[in-house]
Amino acid sequence: MEARRFGCAPTTGFGVTTADTGRAPGRREWLGLALLCLPTFLVSMDFSVLYLAVPHLTADLAPSGVQQLWIVDIYGFVIAGFLVTMGTLGDRIGRKKQLLAGAAVFGIASVVAAFSSSPGMLIGARAVLGCAGAAVLPSVMALVTGMFTEQKDRGRALAIWTACFMTGSTLGPLVGGVLLQYFWWGSVFLVSVPGIVLLLVFGPGLLPDQKSPSAGKLDPVSVVLSLAAILPFVYGLKALARDGWAWFPAAALVFGIVVAVVFVQRQRRLEHPLLDLRLFGNRIFRSTVIMFFISALVGAGSLLFVTLYLQNVIGLTPLAAGLLLLVPNALMIIASLTTPRLANRVRPSYLLAGGMAVAAIGYVIFTFTGSASGPSTIFFAMCVVMLGTAPLAALANHLAMGAVPPEKAGSGASIVQTATEFAIGLGIATLATIGTVVYRNNLEGSLGAVPAGSANAARESIDRAVDAAKGLPGAQGSGLLAAARDAFTSGLHVVGVISAVLCAGLCVLVLRAFRDAKNAHGGVDETTQQPAADPVAETAPLIEGAA
C-alpha cells in the first residue's frame, strides 16, 4: 500500500522509512537530545520519587485516605487529561515553544509542592505539575523524532530517550530515599529545579522549532470535552472502587462515558481534530498503544503497593527500599538495551509475548510474600517482572512513532503518552484501591479492642495504621501492627494475581498484532499481509506493512 495523503515516503512494517530521509545528525542534534533527556528524566522521576515520601508527608500533613490517593495520582490523571490537547497544540504553535513554557511552569509548581502546608495545597500543586508535564512529554518525543530522520539514528535516539525515561523512574525511589534520609519530604520536588533551569537556559539556542505546516485551529470545544470525559470518569471509578456503590460517583462515571462518546463523534467530523482517530487505523500503532496502556496500569499500581509493603510491612527505611528497587529497575534497563539486536534474530512478537509471560510469572511470585518473610521474595519477584517488561520498553516507542507521519508526530506522541499516563493514574486508582479494599476487609475482623480513633486511622491506610500502633501500649500496639501487616500483604497478593492475568492477556495481543514483523527495523512477511477491514483504517494515513 502506498503512503498517501500525508506525503510520507513508503515504509516498512514498523513505519520506518526504507531509505534515509535526511542528513546525518551532527553535534547539535546529539547535544539537543542530551538536553531533551533532562525534562524526560525529571517528569518520569516525578511519578516514582513521591512513592517513598508518602509515609513522611502523611505524618506531617495528615491527609485522609482519599487525599493520600489524590496526592499520588492527581499528577498522572491531569497529564492524561491534557496530553492530547498539548500534543496537538504543540503541532500548531511549535514544539520548542511549548516545551520551554511547560518546563518553566513545572519548575515553579515543584517549588510550591515542596513547601505545601496542607493536603489541598499539595494536591493543587501536583495538578499544576501534571498540566506542565503534559506540555513537556509529547513535545520532547516529537522533537526527537523530527531531529533524527535517518532510520538508524532515529532508532538509537528513541532508545536513548526511552532509557532516560526508565532511568528517571528507576532512580526516583533511590533519589527519594537519599533525600528523605537527610531532608524533609518536600525536597523530593526541589530536585527537578536545577535541570529545569538548564533546559530554559540552553534550550532556546540549541533546540529546533518544529510545527506542522498543515495544522489547523485548536478546537476549544474538543479540549473541554476531553477533560469533561476523563476527569469525571476517573473520579467515579476511584470512588466506586474505594467506597462501594454510591449514586454520585456512578453518575460521574456514566457522565464521563457519555461525554467521551460525544468527543469521539466530534473528532470524526472535524477537518482538524484534536485527536486524529485515523492514526488508530494503523494496526501497529493501535496495538502498541494498548500495550503501553495495560503495562503502565499494571506497573504503576503494583509499584505503589510494593513500596508501601517494603516500608510499612517489612520495615525498611526509604533509602533501603530505594536501593532494593534500584536493582530490578537496573536489570530492566540493561535488558532493554540488548533487546533491539536480539529482535533482528528473534521475531518481535515472540520477544514481546515472551517478556509478558515472564512478567506474569513475576507477579504470581507476589503471592508467596508474607508479612514476616523479609524482602527477598518481593525482590526476586520484582527482578522477574522488570526483566519481562524490558522487551516492551525497548521496542514499543520505536513501533509507535515509526507508524506516525512526521507532521503528526506531536499528535501521535500525545496519544502514546496519554495512554501511558492515564494508565499510570488508573493503575493507582484501581489496582492500588482494590488492594486497599482487600486490606480494609481483612483488617476489620482483627481490630479487637483497639480504641475507636486508632481503629479508624488504621482503616484509612497502612501508613496510618503504623502511626496509630506507635501510640498504643504494648501488646495492643503490636497486635494492631501485626494485623495491619497481614491484611496489607493479602492486598498485595490480590494485586499480583490481577497483574499476572493482565500480562497473560498481553501475550495473546502481541502474538496476533505483530505476527508479520520479522525484525526490529520493520521487516515483514508480505505474503501474510491482509488488507484493512476497518473503514477508518482504509481512509487513514496508513503505512505499508503496518496495517
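Remember, predicted model here, so these are calculated numbers, not experimental data.

Colleague: What exactly am I supposed to notice about the environment of Ile428 here?
Modeller: Checked against the element boundaries, Ile428 lands in helix α15 (residues 409-444). Classification of Ile428 as buried rests on a relative accessible area of 3%.

Colleague: Explain a nonpolar patch on the surface to me, please; I cannot follow it from the model alone.
Modeller: Together, Val111, Phe115, Val178, Tyr182, Phe183 and Trp184 make up an exposed nonpolar region whose accessible area comes to about 640 Å². Tracing the backbone through its elements, the reader meets Val178 in helix α6 (residues 151-182).

Colleague: Could you clarify how one ought to interpret the side chain of Thr369 in this entry?
Modeller: Structurally, Thr369 can be placed in the loop between α13 (348-365) and α14 (376-402). Thr369 gets classed as buried once you look at its relative accessible area, which sits at 5%. Within the local environment of Thr369, its side chain forms a polar contact with the backbone oxygen of Phe366, the two atoms lying 2.7 Å apart. Setting aside its immediate chain neighbours within four residues, Thr369 contacts Tyr309, Thr377, Ile378, Thr489, Leu492 and His493.

Colleague: Help me understand the nonpolar core, please; the structure alone is not making it clear to me.
Modeller: Nonpolar side chains in soluble globular proteins tend to be buried together. Residues Val144, Phe189 and Tyr439 are the most contacted members of the largest nonpolar core, which totals 153 residues. Sort the elements by how many residues they give to this core and helix α11 (residues 283-313) lands first, with 17 residues.

Colleague: Would you explain the packing of aromatic side chains in this entry?
Modeller: A ring pair, where both rings are aromatic, is described by two values, the distance of the centres and the angle of the planes. Following the criterion strictly, the structure yields five aromatic pairs and no others. Between Phe305 and Phe488 the ring centres are 4.4 Å apart and the planes differ by 10°, which places this aromatic pair in the stacked class. Residue Phe305 is located in helix α11, and its partner Phe488 is located in helix α18 (residues 474-513); the two are separated by 183 residues in the primary sequence. This pair shows no difference in class: Phe305 is buried, exactly as Phe488 is. Residues Tyr363 and Phe366 carry aromatic rings whose centres are separated by 5.4 Å and whose planes lie at 70° to one another, so their mutual orientation is edge-to-face. No difference in accessibility class separates Tyr363 from Phe366, as the two residues are buried.

Colleague: For this particular structure, what's the right way to read helix α16 (residues 452-460)?
Modeller: At 3.6 residues per turn, the α-helix brings residues three or four places apart onto the same side. Of the positions making up α16, those classed as buried are Ser454, Ala455, Ala457 and Ala458. Projected onto a plane normal to the axis of α16, the buried residues spread over an arc of 165° and lie on a single side. Exposed residues pointing more than 90 degrees away from the buried face of α16 are listed as Ala452 and Gly453.

Colleague: So what exactly am I meant to see when it comes to the environment of Ala400 here?
Modeller: In this fold, Ala400 is placed in helix α14. Residue classification places Ala400 among the buried residues on the basis of a relative accessible area of 0%. Look past the residues within four positions of Ala400 in its chain and what remains in contact with it is Phe285, Thr288 and Val416.

Thresholds, definitions, all that
Each chain carries its own residue numbering, running from 1 in the written order of its sequence. With the structure being a predicted model, the display of local features is reserved for residues of pLDDT at least 70 and the display and counting of side-chain atom pairs for 80 or more, all residues being used for whole-chain, interface and lining totals. Side-chain descriptors were evaluated using all non-hydrogen atoms of the structure, hydrogens and water having been removed beforehand. Numbering of helices and strands runs from the N terminus, with a helix taken as a DSSP run of H or I at least four residues long and a strand as a DSSP run of E at least two residues long. Burial classes: relative accessible area under 20% of the type maximum marks a residue as buried, over 50% as exposed, and values in between as partly exposed (1.4 Å probe, protein chains only). The residues that make up patches have over 30% relative accessible area and no salt bridge, and they are joined within 9 Å when like-charged or within 5 Å when they are Val, Leu, Ile, Met, Phe, Trp or Tyr. Surface accessibility follows the Shrake-Rupley procedure with a 1.4 Å probe radius. Residue values consider only the protein chains on display as shielding. For this document, the term salt bridge refers to a Lys or Arg side-chain nitrogen within 4 Å of an Asp or Glu carboxyl oxygen. Here a polar contact is recorded for every N or O atom pair within 3.5 Å, except that within protein the pair must consist of a potential hydrogen donor and a potential acceptor, and residues adjacent in sequence are included only if both atoms are side-chain atoms. Throughout, a residue-residue contact means that at least one pair of heavy atoms, one from each residue, lies within 4.5 Å. Residues belong to one nonpolar core when they are buried, are Ala, Val, Leu, Ile, Met, Phe, Trp, Tyr or Cys, and are joined through side-chain atoms within 4.5 Å. Pairing of aromatic side chains here covers Phe, Tyr and the six-membered ring of Trp, requires ring centres within 6.5 Å, and sorts the geometry by plane angle: under 30 degrees stacked, over 60 edge-to-face, intermediate tilted. In this context, the arc is that of the directions from the helix axis out to the C-beta atoms.

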